[in-house]
Structures are given as C-alpha cells and as structure tokens.
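The lines below spell out each chain.
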Amino acid sequence: MKLGVNIDHIATLRQARHSQSPDPVYAAFICELAGCDSIVCHLREDRRHIQDRDVYLLKQVVKTRLNLEMALSEEIVKIALDVKPHQVTLVPEKREELTTEGGLDVIKNFEKIKKNVKRFHNAGIKVSLFIEPEENQILKSKETGAEFIEIHTGRYAEAKAEEDMQKELEKIVRATDYAISIGIRVNAGHGLDYHNTGPICRIKEIEELNIGYSIICRAVFVGLETAIREMLDIIRRESR
Ligand code: PXP
C-alpha cells in the first residue's frame, strides 16, 4: 500500500503570516526523501493554504506523482488543465468548512463530473473521485470514466465507540470489494492518524492512503522526515 502525503498544512502555517516559509515545495522534497509515493495538495477556491505558485512549482519538482485535490470550479479546472498534475482528486468544497466534510455526490452531479473527467483525460490526467463508501456512489463513479475512487475515511476516523468504528470499517471493506468487482481502483483517506491507520492498511485492495493533518502535526515535534517514516512503518507493517 502506498502513501501520498498531503502538504496543505505546511502552507497553512506559511499563510498564517503571509510569509514565504515554511515552503510546501521544500516540504515536498523532504516527503520524497522520506519515501512517500506521491505528493498531495488541495488548491481551494479561497486559497487558504496552497497557492497557485505552489501547484506550478510542485509540478516541476515532484519526482513521484502530484495529486491535486480540487473542486469542480471552472477557475480551478483551468489551472489543473494548465499544470497537468499526474492525477486530480475531485472533492466537494464549501467555503465555511474547516476541511473537506463529506464525499462528492456523484449521482447528483453526474453529467458535470463525467464531462470534466473527459477534459482531464484529454489532457492526460488521471481522475479520482472522493466519495463516501456507498455502492450507488461507486457505481456512478465508475460510469463517469474515472480511474479511481478515494473512499472517505472520515466517519471511521471520527467514530468514538469501538463498535461504531468497527461498523464504519466494515462499510469501507464492503465498498472496496464492490469497487474492485466493477473495475474501479481504490484509494482512501481523511482523518487517518498514527492510531487508526492500521486496520485500513489490512484492506489489501486499497492502493494508496492520502494522509495530511496527522503527519504535519507530528512533524512539529519530531520533524517531517521522521513523521513520514513513522507512518510508512505502520503502513508497511500492517499491509504485509
Ligand atoms: N483525501 C482528501 C480527498 C482530502 O480532502 C483530505 C484533506 O485535505 C485528505 C485526504 C487528507 O486528510 P487529513 O488531512 O485529515 O489526513
């Protein structure tokens, strides 16, 4: 199982002072040195963390893969088509939210998503749809032509009682099995940390985990490279 490191919150720290550091581009070098498999960032419409300049520079320097998270706003789509990251992950976006709150509603937005998947494919960009672990959303995702879904693990990560966590985990297992059975590839992420990532790693068909907040939080105390190596140790141990 692979690890994509989301570096948005390196940029959050920089934007707290509207200064030049810490630079997410520099962070990307360290993430790759530590052994991550891809760099993930989210260019939000409100530009609260990652800026246009970051995305353009990251495309030039990232040696693994650049996965750009984005909402389907025409302004951001045009930037993505210009930058040509290896992959885009389409997410819903609300201005007032602290972070992405739920999965895309692929059923409701089917035509718009399908049309844009085609635009990305024409530019040679792979597409992943960030969705809840629900069969109807997975089936519709497959029909858009996207290569991947990213299963939203937020509800699993936020569950307080052991029993609720187990239920959410089972939903993710079933959703993964279903996705694989209809021929769409599976990634997962959101809210994963050093305590709850293990059980997700045991779902063999999931190809890549996208993790940000917990890694950057730990990096404040132990350094970015160590924080990533510690997460990679968990993934390697648990997904064996
Ligand atoms: N995957 C997607 C689609 C996201 O929007 C985010 C948050 O930016 C993540 C993964 C990473 O979540 P976290 O920062 O909670 O690890």
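**Student:** How would you summarise the nonpolar core if you had to cite specific residues and measurements?
**Tutor:** Ranked by size, the top nonpolar core spans 74 residues in total, and within it I7, L90, F120 and I215 carry the most contacts. Excluding residues that lie within four positions of it along the chain, F120 makes contacts with M70, L72, V77, A80, L81, V88, L90, I125 and V127.

**Student:** Summarise the site of the ligand; cite the residues concerned and give the values.
**Tutor:** The environment of the ligand is made up of 13 residues, and the closest members are E69, E150, G191, G212 and Y213. Between an oxygen atom of the ligand and a main-chain N or O atom of G212, the distance comes to 2.8 Å. At a separation of 2.9 Å, an oxygen atom of the ligand approaches a polar backbone atom of Y213. Starting from 390 Å² of accessible surface for the ligand in isolation, the protein chains cover 94%. The class makeup of the residues in the shell around the ligand is four nonpolar, six polar and three charged.

**Student:** Talk me through the packing of aromatic side chains; I want residue IDs and the actual numbers.
**Tutor:** For the structure on display, the rule yields zero aromatic pairs. Geometry around F110 places K140 over its ring, the cationic atom sitting 4.4 Å from the centre. Taking NZ or CZ as reference, R218 lies 3.6 Å from the ring centre of Y194, over its face.

**Student:** Explain the pairing of strand β6 (residues 148-152) to me, using residue names and the numbers behind them.
**Tutor:** Here β6 lies mainly inside the structure; five of its five residues are buried. The alternating pattern of β6 places F148, E150 and H152 and I149 and I151 on opposite faces, both of which are buried.

**Student:** How would you explain the packing of helix α3 (residues 52-61) against helix α4 (residues 74-83) if you had to name every residue and give the values?
**Tutor:** Between α3 and α4, whose axes approach to 10 Å, the crossing angle comes to 25 degrees. The angle between α3 and α4 places the two elements in the roughly parallel class. In the packing of α3 onto α4, the handedness of the crossing is right-handed. Across the interface between the two elements, D52, V55, Y56 and K59 from α3 touch I79, D82 and V83 from α4. Of the residues in the contact of α3 with α4, the class split is four nonpolar, no polar and three charged.

**Student:** Let's hear about the pairing of strand β4 (residues 87-90): which residues, and what values?
**Tutor:** Residues Q87 and T89 point to one face of β4 and V88 and L90 to the other, with burial holding for every one of them. Relative to β4, strand β3 (residues 66-70) runs parallel, the two being bridged by four bridges. By the bridge assignment for β4, E69 is matched with T89. Each parallel crossover has a hand, and for β3 linked through α4 to β4 it is right-handed. Across four bridges, the pairing between β4 and strand β5 (residues 126-131) is parallel. Bridge pairing links V88 to V127 in β5.

**Student:** Can you break down unusual backbone geometry residue by residue, with the values?
**Tutor:** The omega torsion across S21 and P22 is 0 degrees, close enough to zero to call that bond cis. Tracing the chain through its elements places P22 in the loop between α1 (8-15) and α2 (24-34). Here R47, not a glycine, exhibits a phi torsion of approximately 50 degrees, which is positive. By the element assignment, R47 lies in the loop between β2 (38-42) and α3.

**Student:** Could you give me a rundown of the sheet that holds strand β7 (residues 185-189), with the residues and numbers involved?
**Tutor:** Reading around the barrel, the eight strands line up as β1-β2-β3-β4-β5-β6-β7-β8 and close back on themselves, with parallel pairing between neighbours. If you compare each strand with its neighbour and ignore which way they point, the axes differ by 25 degrees on average. Here β6 runs beside β7; their pairing, made up of five bridges, is parallel. Counted as the bridge partner of F148 is R185 from β7. Relative to the sheet, helix α8 (residues 162-182) contacts β6, β7 and β8 (206-211), its axis offset from that of β6 by approximately 170 degrees.

**Student:** Explain a nonpolar patch on the surface to me, and be specific about the residues and the numbers.
**Tutor:** Among the surface-exposed residues, V220, F221 and V222 lie close enough to one another that they form a single nonpolar patch of about 350 Å² accessible area. Position of F221 relative to the elements: it lies in helix α10 (residues 213-222).

**Student:** Which residues make up the pattern of salt bridges, and what are the values?
**Tutor:** For the structure shown, the criterion picks out 19 salt bridges. Put simply, R53 and D54 hold a salt bridge, and the shortest N to O gap is 2.7 Å. Taking relative accessible area as the criterion, R53 reaches 40% and is therefore assigned partly exposed. The class of D54 is buried, set by a relative accessible area of 0%. For E74, the salt bridge is made with K78, and the minimal N-O distance between the two is 3.8 Å. One end of the pair is E74 and the other is K78, both in helix α4 and four residues apart, which spans about a single turn. By relative accessible area, E74 is classed as partly exposed at 37%.

Criteria and thresholds
Residues numbered from 1 in each chain as written. Predicted model: local features only at pLDDT ≥ 70, side-chain atom pairs only at ≥ 80, totals over all residues. Heavy atoms only, no water. Core = buried A, V, L, I, M, F, W, Y, C linked by side-chain atoms within 4.5 Å. Buried < 20%, exposed > 50% of the residue type's maximum accessible area, 1.4 Å probe, protein only. Contact = heavy atoms within 4.5 Å. Near = heavy atom within 4 Å. Polar contact = N/O pair within 3.5 Å; in protein donor to acceptor, adjacent residues only side chain to side chain. Areas by Shrake-Rupley, 256 points an atom, 1.4 Å probe, with all protein chains shown as cover. Nonpolar A, V, L, I, M, F, W, Y, C, P; charged D, E, K, R; others polar. Phe/Tyr/Trp six-rings, centres within 6.5 Å; stacked < 30°, edge-to-face > 60°. Lys NZ or Arg CZ within 6 Å of the ring centre and 35° of its normal. Helix = DSSP H or I, 4+ residues; strand = E, 2+ residues; numbered from the N terminus. Axes fitted to C-alpha atoms, helices over the stretch in contact; angles between N-to-C directions. Parallel < 35°, antiparallel > 145°, perpendicular 65-115°, else oblique. Left-handed = near helix turned anticlockwise from the far one by under 90°. Pairing = 2+ DSSP bridges. Right-handed = clockwise from strand over helix to strand, strands pointing away. Patch = residues over 30% accessible without salt bridge, like charges linked within 9 Å, V, L, I, M, F, W, Y side chains within 5 Å. Salt bridge = Lys/Arg side-chain N within 4 Å of Asp/Glu carboxyl O.

Geometric descriptors of this kind do not, in isolation, establish any biological role.
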